[in-house]
Amino acid sequence: MRFVYNQYKTYIHFAIRRFAADALEPAGMRTSLSNTLALDLPSSPLNPAAAGPGPLVLSPRLHNKDLAPTKVEGRRWGRYSIFALWTNDVHNIANYSFAIGLYALGLGGWQILLSLGIGAALVYFFMNLSGYMGQKTGVPFPVISRISFGIHGAQIPALIRAVIAIAWFGIQTYLASVVFRVLLTAIHPGFADYDHDSILGLSTLGWACFVAIWLVQLVILAYGMEMVRRYEGFAGPVILLTVAALAGWMYFQANGQIAWSIREPLSGGEMWRNIFAGGALWLAIYGTLILNFCDFARSSPCRKTIQVGNFWGLPVNILVFAAITVLLCGGQFQLNGRVIESPTEIIAAIPNTFFLVLGCLAFLIVTVAVNIMANFVAPAFVLSNLAPKYLNFRRAGLISAFVAVLILPWNLYNSPLVIVYFLSGLGALLGPLYGVIMVDYWLIRRSQVDVPQLYSEDPQGIYYYSRGVNMRAVAAFIPAAVIAILLALLPGFASVSPFSWLFGAGIAGLLYLLIAKRQPHYADVSGESIAVDNVSH
């Protein structure tokens, strides 16, 4: 886990606008839908023909415009949007630091490509499973969780995901502000005069940079998911061109001579363990987005769009990323025998100030994109899910952003114990959550879901379970979560800790498969009758 922590140590972010609050849309409404009951676990698609007579009251404690399903018509997250989303995430500073760590461990060029290729294949497979759920139902992650955990039990996975996201949103916004501060003082040295005092642990210049970057992320989110889509689409090519130019420049600087490893490459059992551990850790890094990718996929028009967008955005993009990593590391090592920790070191060495500033701006742009997609969208939906009657997506996002400031994230970041034990411990819970949700949806319910029932508090409803909580899902989650945390944090399990996400997901999924209550038939009812336009998000 300390290895992963060291990678996040170099994660930087940038942004500069401000948040506009939106009016809340009340959620009391009625619709028609099938009276068919069935189940105890997940279901899936959208088949309007499956709806039958009988009114269903949508509970204001479970429904609002932002949590409602999206209409199939008008969905705008196409192949390029998904590709750009992953381009930003793949080519961020933290991921490059992680991959450079594999080079520093002694893996050679082809071994790094194989390790990240294994991770890419795993991420692609699990991300598709999550994306298909969102595309079919049209609902965000907190609502998806109601299928397996119950209409109220869904708060368990949703809150775990949100706590991790809010903490990292604050930390990464702070790290971006540090880079922004350095950039400003480089352009105008006079700003350094405001960098010597301390207000709650941050200088005046530090606060100004932090708030500026914090505000720009709020402004982007204030315009909803459509603005997020546009910003991700803009930032994707920017970072791709930047890292490609950096790799080309480094190759030119090294006169085409690349050191494929820092020493004699690893071999035998140690080599294969590091290769598979690297792939498993890559999967764990994406454990958050694998869980809530449905927040984005719900706005995709079809399953094929997700397949193609994910294919180019994940495995293809990750292999390009791996090749660029090898060029950057190998070129720098060939030049002076030193292993870099981050691409920002190469940018800092650019002799031309103009190109140095452009490089820094490119990475700041992409880190804003990554922070929004990975750490801002999720808690906005989760907090809205806590009180749909009072909190819409924008208000919930504003609250989560303020919480991220109140925790004084620079203090969290400077405490390794908080990062390693608190955030890494919470991160270990993501695998078990994924295991329960996926087994319930794909193996128990076989993707048959009664979408309107996800918004009903009727005690006879499909997803009411026991007082709104599916205790069987909780029973499968708890022991798997304990095991995953022990594997991730205890030094005695260091050799298997990279695989804690896989162990947690596998154990939870298997336990749930054994104890889940089954029904002979699961209703499959579309959410189109209560769906909202995508532009509403």
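**Considering the environment of Met-438**
For Met-438, the location among the structural elements is in helix H19 (residues 430-444). Take Met-438: its relative accessible area is 8%, and that puts it in the buried class. Met-438 sits 308 residues away from Ser-130 along the chain, and the two C-alpha atoms are 7.6 Å apart. If we ignore the near neighbours within four places in the chain, the residues touching Met-438 are Leu-129, Ser-130, Met-133 and Leu-443.

**As for the packing of H19 against helix H20 (residues 471-489)**
Interaxial distance between H19 and H20 falls to 8 Å at its minimum, and their mutual angle equals 150 degrees. It follows that H19 is roughly antiparallel to H20 by the angle criterion. Read as a crossing pair, H19 and H20 show a hand that is right-handed. Of the residues in H20, those in contact with Pro-432, Leu-433 and Val-436 of H19 are Ala-473, Ala-476, Phe-477, Ala-480, Ala-481 and Ala-484.

**Re helix H14 (residues 353-375)**
Its 23 residues place the ends of H14 32 Å apart at the C-alpha level, agreeing with the 33 Å of an ideal helix rising 1.5 Å per residue. A large share of H14 lies buried, amounting to 17 of its 23 residues.

**Structural notes on the pattern of salt bridges**
Overall, the coordinates contain seven salt bridges when judged by the stated rule. One salt bridge connects Glu-226 with Arg-230, and the closest N-O pair in it is separated by 3.2 Å. You can see Glu-226 and its partner Arg-230 sitting in helix H8 (residues 224-253), four residues apart, about one turn around the helix. Linked by salt bridges that have partners in common, Arg-76, Glu-226, Arg-229 and Arg-230 make up one network.

**Quick look at the packing of aromatic side chains**
Across all of its chains, the model carries 26 aromatic pairs by this definition. Judged by centre distance (6.3 Å) and plane angle (80 degrees), the ring pair of Trp-207 and Phe-210 falls under edge-to-face. Placement of both Trp-207 and Phe-210 in helix H7 (residues 204-222) is noted, with a separation of three residues, approximately one turn of the helix. The exposure class assigned to Trp-207 is buried, which follows from its relative accessible area of 19%. Given the relative accessible area of 2%, Phe-210 is considered buried. With a centroid separation of 4.9 Å and an interplanar angle of 80 degrees, the aromatic rings of Tyr-441 and Trp-442 are classed as edge-to-face. Grouped by ring-pair contacts, the aromatic residues Trp-86, Tyr-96, Phe-98, Trp-282, Tyr-286, Phe-293 and Phe-321 constitute a single cluster. Positioned above the aromatic ring of Tyr-132, the side-chain terminus of Arg-303 is 4.2 Å from the ring centre.

Rules and cut-offs
- Residues numbered from 1 in each chain as written.
- Predicted model: local features only at pLDDT ≥ 70, side-chain atom pairs only at ≥ 80, totals over all residues.
- Heavy atoms only, no water.
- Helix = DSSP H or I, 4+ residues; strand = E, 2+ residues; numbered from the N terminus.
- Buried < 20%, exposed > 50% of the residue type's maximum accessible area, 1.4 Å probe, protein only.
- Contact = heavy atoms within 4.5 Å.
- Axes fitted to C-alpha atoms, helices over the stretch in contact; angles between N-to-C directions.
- Parallel < 35°, antiparallel > 145°, perpendicular 65-115°, else oblique.
- Left-handed = near helix turned anticlockwise from the far one by under 90°.
- Expected span 1.5 Å × (residues − 1).
- Salt bridge = Lys/Arg side-chain N within 4 Å of Asp/Glu carboxyl O.
- Phe/Tyr/Trp six-rings, centres within 6.5 Å; stacked < 30°, edge-to-face > 60°.
- Lys NZ or Arg CZ within 6 Å of the ring centre and 35° of its normal.

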